[in-house]
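Here are the chains, one letter per residue:
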Amino acid sequence: MSDSDSEKKRKNSDESDSDDEEAVNSVQWPVQIRISIEFLSIGEVDTLNEKFHAEVRIISKWFDNRSDKKKYDRKKDWNPNLFIENAMHDVKEKIKHKAIILDKERREITETRLAKGNFWERIELQNFPLDTQELSITFASKLKTSQVSLVQNQKKISTIYFETLHSFRDQQKWKVRW
């Protein structure tokens, strides 16, 4: 490797470090992530294997201090590293980001995640056949709790779509409550 190649590599590394530092400095700790979950469909509930099939939309929102940037880049900008904790191996996800500049100092980032597949759920049959079960999506961050605070979005509550309530079918009898 020539001296000029080494210098270029070092310069690119310095620029990358600078970008990372800017991204980290663009938020105030802990960053509050406002989350809402929409159940688009609920399929089979497999009590034996403790899983259920569903399609969900998870909307996460947070603020940062990068009002100079109109686009959000999850690899360069600060990222809460969110994931679905009870997603099984077959869950397919599509993730999109949108940034809205609010004023001269802040912007709001919206992450919309569509997930479809099987989700793990502890099924406890204590009063069979009259049991009631809760089906949940567990959302988490790979960051420390000192860096991220996950809260329910008070402006957009979590929902089950009306069509989902009427199209929910399984070989057993289920009552969907919310």
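Procedures and definitions
- Residues numbered from 1 in each chain as written.
- Predicted model: local features only at pLDDT ≥ 70, side-chain atom pairs only at ≥ 80, totals over all residues.
- Heavy atoms only, no water.
- Helix = DSSP H or I, 4+ residues; strand = E, 2+ residues; numbered from the N terminus.
- Buried < 20%, exposed > 50% of the residue type's maximum accessible area, 1.4 Å probe, protein only.
- Contact = heavy atoms within 4.5 Å.
- Areas by Shrake-Rupley, 256 points an atom, 1.4 Å probe, with all protein chains shown as cover.
- Core = buried A, V, L, I, M, F, W, Y, C linked by side-chain atoms within 4.5 Å.
- Salt bridge = Lys/Arg side-chain N within 4 Å of Asp/Glu carboxyl O.
- Lys, Arg positive; Asp, Glu negative; His and termini not counted.
- Polar contact = N/O pair within 3.5 Å; in protein donor to acceptor, adjacent residues only side chain to side chain.
- Pairing = 2+ DSSP bridges.
- Patch = residues over 30% accessible without salt bridge, like charges linked within 9 Å, V, L, I, M, F, W, Y side chains within 5 Å.

**Student:** Could you clarify how one ought to interpret the overall build of the protein in this entry?
**Tutor:** Helices and strands together make up the secondary structure of the protein, namely two helices and eight strands. For the protein, the sequential pattern of α-helices and β-strands runs α-β-β-β-β-β-β-β-β-α. Looking at the protein residue by residue over its 178 residues, the buried ones come to 33%. Counting only contacts in the protein whose residues sit at least 6 apart along the sequence, the fraction spanning at least 24 positions is 72%. In the structure as shown, the protein presents an accessible area of about 12,300 Å², 48% of it carried by carbon and sulfur atoms.

**Student:** Explanation requested: the nonpolar core in the structure shown.
**Tutor:** The tendency in soluble globular proteins is for nonpolar side chains to be buried as a group. Ranked by internal contacts, the top residues of the largest apolar core, which has 27 residues, are Ile33, Phe39, Val56, Ile58, Phe119 and Ile137. Looking at this core, the elements with two or more residues in it are strand E1 (31-46), strand E2 (51-64), strand E3 (82-84) and strand E5 (107-120). The element that contributes the greatest number of residues to this core is E1, accounting for seven residues.

**Student:** Please clarify how the pattern of salt bridges should be interpreted in this entry.
**Tutor:** Oppositely charged side chains can form a pair if their charged atoms are brought close together. Applying the stated criterion across every chain yields a total of twelve salt bridges. Between glutamate 108 and arginine 34 there is a salt bridge, with the nearest N and O atoms lying 2.4 Å from each other. Of the two residues, glutamate 108 is situated in strand E5 and arginine 34 in strand E1; the sequence distance between them amounts to 74 residues. Assigned by exposure class, glutamate 108 and arginine 34 land together as buried. Across the salt bridge formed by aspartate 64 and arginine 107, the nearest N and O atoms sit 2.8 Å from each other. Remark: arginine 107 occurs in strand E5 and aspartate 64 occurs in strand E2; sequence separation between them is 43 residues. Three or more residues joined by partner-sharing salt bridges are found here, namely Asp64, Arg66, Asp68, Lys69, Asp77 and Arg107.

**Student:** Could you clarify how one ought to interpret the environment of tryptophan 62 in this entry?
**Tutor:** Locating tryptophan 62 in the fold gives a position in strand E2. Given a relative accessible area of 0%, tryptophan 62 falls into the buried group. Taking the C-alpha atoms as reference, tryptophan 62 lies 6.9 Å from threonine 110; in sequence the two are 48 residues apart. Not counting residues up to four positions away in its chain, the partners in contact with tryptophan 62 are Val31, Gln32, Ile33, Arg34, Tyr72, Trp78, Pro80, His97, Arg107, Glu108, Ile109 and Glu111.

**Student:** Help me out: how do you make sense of the side chain of aspartate 46 in this one?
**Tutor:** Along the chain, aspartate 46 falls in strand E1. We note that aspartate 46 is buried and unpaired, the nearest opposite charge coming from lysine 51 at a distance of 4.5 Å. Engagement of the side chain of aspartate 46 in a polar contact is seen with the backbone nitrogen of leucine 48, the distance being 3.2 Å.

**Student:** Please clarify how unusual backbone geometry should be interpreted in this entry.
**Tutor:** In this structure, the amide linkage connecting tryptophan 29 to the following residue, proline 30, adopts the cis form with an omega of -15 degrees. The topology assignment puts proline 30 in the loop between helix H1 (3-25) and E1. You will see that glutamate 50, though not glycine, has its phi angle at about 50 degrees, which is positive. Structurally, glutamate 50 is set in the loop between E1 and E2.

**Student:** How should I be thinking about the pairing of strand E4 (residues 92-101) in this particular structure?
**Tutor:** Regular strands place side chains that alternate from one sheet face to the opposite one. Here E4 pairs with E5 via ten bridges, running antiparallel. Bridge assignment links isoleucine 100 to a residue of E5, and that residue is glutamate 108. What sits between E4 and E5 in their antiparallel hairpin is a turn of five residues.

**Student:** Can you walk me through a nonpolar patch on the surface in this structure?
**Tutor:** Side chains of Phe63, Ile100 and Leu102 sit close together on the surface and give an oily, nonpolar patch of about 230 Å² of accessible area. Residue position: phenylalanine 63 is located in strand E2. The class for phenylalanine 63 is partly exposed, based on a relative accessible area of 33%.

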